[in-house]
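Listed below are the residues making up each chain.
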Amino acid sequence: MRIAAFAAAFAALIAGPALSQSRLRAFDVDKNGRIDLAEAKRAANATFDRLERDKDGTLSRKELRGRLSRQHWMTANPDKDGTLTREEYLAATERAFKRADIDGDGAIETKEFRTPKGRALMRLMK
Ligand SMILES: [Ca+2]
Ligand SMILES: [Ca+2]
Ligand SMILES: [Ca+2]
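Residues numbered from 1 in each chain as written. Chains lettered and ligands numbered in written order. Predicted model: local features only at pLDDT ≥ 70, side-chain atom pairs only at ≥ 80, totals over all residues.

1. A word on the overall build of the protein chain
For step 1, the next point in the chain: Each helix and strand in the protein chain was counted, giving eight helices and four strands.
For step 2, the next point in the chain: Seen in sequence order, the protein chain has helices and strands lined up from the N terminus as α-α-β-α-β-α-α-β-α-β-α-α.
For step 3, the next point in the chain: For the protein chain, the proportion of its 126 residues judged to be buried stands at 24%.
For step 4, the next point in the chain: Within the protein chain, contacts between residues separated by at least 24 positions form 55% of all contacts whose residues are at least 6 apart in sequence. (Helix = DSSP H or I, 4+ residues; strand = E, 2+ residues; numbered from the N terminus. Buried ≥ 20, exposed ≤ 12 C-beta atoms within 10 Å, placed from the backbone. Contact = placed C-beta atoms within 7 Å.)

Have a look at this one:
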């Protein structure tokens, strides 16, 4: 019983606030229950400002704190200078958005946010 409770708590932890309806609503500017690319980029833009602690205009890998997988970091940072500009961060968000839009309808629904690709997108937005 205790193990089941622990497993449930752990599952909730790894699912995390990414799936929280209220968080999704906060990003959903036009309140249609789906996140389109403009809404995703708007959230990512705000996240960039929040993560950019030393105000040098770019995000270092340290400032990103694991938001991009190694593979996606390499793609996001083609000049390999160890930092992402705002444009690179938003471009990475757009790529993550396209990967997460499994049914290709141009918006991310709650069920798509529940997938690993959806969670990868959410990490760049929050
Ligand atoms: Ca929307
Ligand atoms: Ca910085
Ligand atoms: Ca979709």
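Right, picking up where we left off after that structure.
2. Considerations on the packing of helix H3 (residues 37-51) against helix H8 (residues 116-125)
For step 1, the next point in the chain: Interhelical geometry of H3 versus H8 gives an angle of 50° and a closest axis separation of 7 Å. With respect to H8, the element H3 is oriented oblique. In this structure, H3 contributes Ala 40, Ala 43, Ala 44 and Thr 47 to the contact, and H8 contributes Leu 121, Leu 124 and Met 125.
For step 2, the next point in the chain: Taken together, the residues of the contact of H3 with H8 break down into six nonpolar, one polar and no charged. (Axes fitted to C-alpha atoms, helices over the stretch in contact; angles between N-to-C directions. Parallel < 35°, antiparallel > 145°, perpendicular 65-115°, else oblique. Nonpolar A, V, L, I, M, F, W, Y, C, P; charged D, E, K, R; others polar.)

3. Some remarks on the nonpolar core
For step 1, the next point in the chain: Of all hydrophobic cores here, the largest spans 23 residues; its most connected members are Ala 40, Ala 44, Ala 96, Leu 121 and Met 125.
For step 2, the next point in the chain: Where this core is concerned, the elements lending two or more residues are H3, helix H6 (86-100) and H8.
For step 3, the next point in the chain: Beyond its immediate stretch of four places on either side in the chain, Ala 96 contacts Ala 120, Leu 121 and Leu 124. (Core = buried A, V, L, I, M, F, W, Y, C linked by C-beta atoms within 7 Å.)

4. Here's the deal with the confidence of the model for the protein chain
For step 1, the next point in the chain: Here the protein chain shows a mean pLDDT of 87. Residues at 70 or above account for 84%.
For step 2, the next point in the chain: Every residue in residues 12-18 is under pLDDT 50, and counting partners more than four places away or in other chains gives four contacts. (pLDDT = per-residue confidence, 0-100.)

5. Comments concerning the packing of H3 against H6
For step 1, the next point in the chain: The N-to-C vectors of H3 and H6 enclose an angle of 140°; their axes lie 10 Å apart at closest approach. Here H3 is positioned oblique relative to H6, judged by the angle of their axes. By crossing handedness, the relation of H3 to H6 is classed as right-handed. Along the contact surface, H3 presents Leu 37, Ala 40, Lys 41, Ala 44, Asn 45 and Phe 48, while H6 presents Arg 86, Tyr 89, Leu 90, Thr 93, Glu 94 and Phe 97.
For step 2, the next point in the chain: Taken together, the residues of the contact of H3 with H6 break down into seven nonpolar, two polar and three charged. (Left-handed = near helix turned anticlockwise from the far one by under 90°.)

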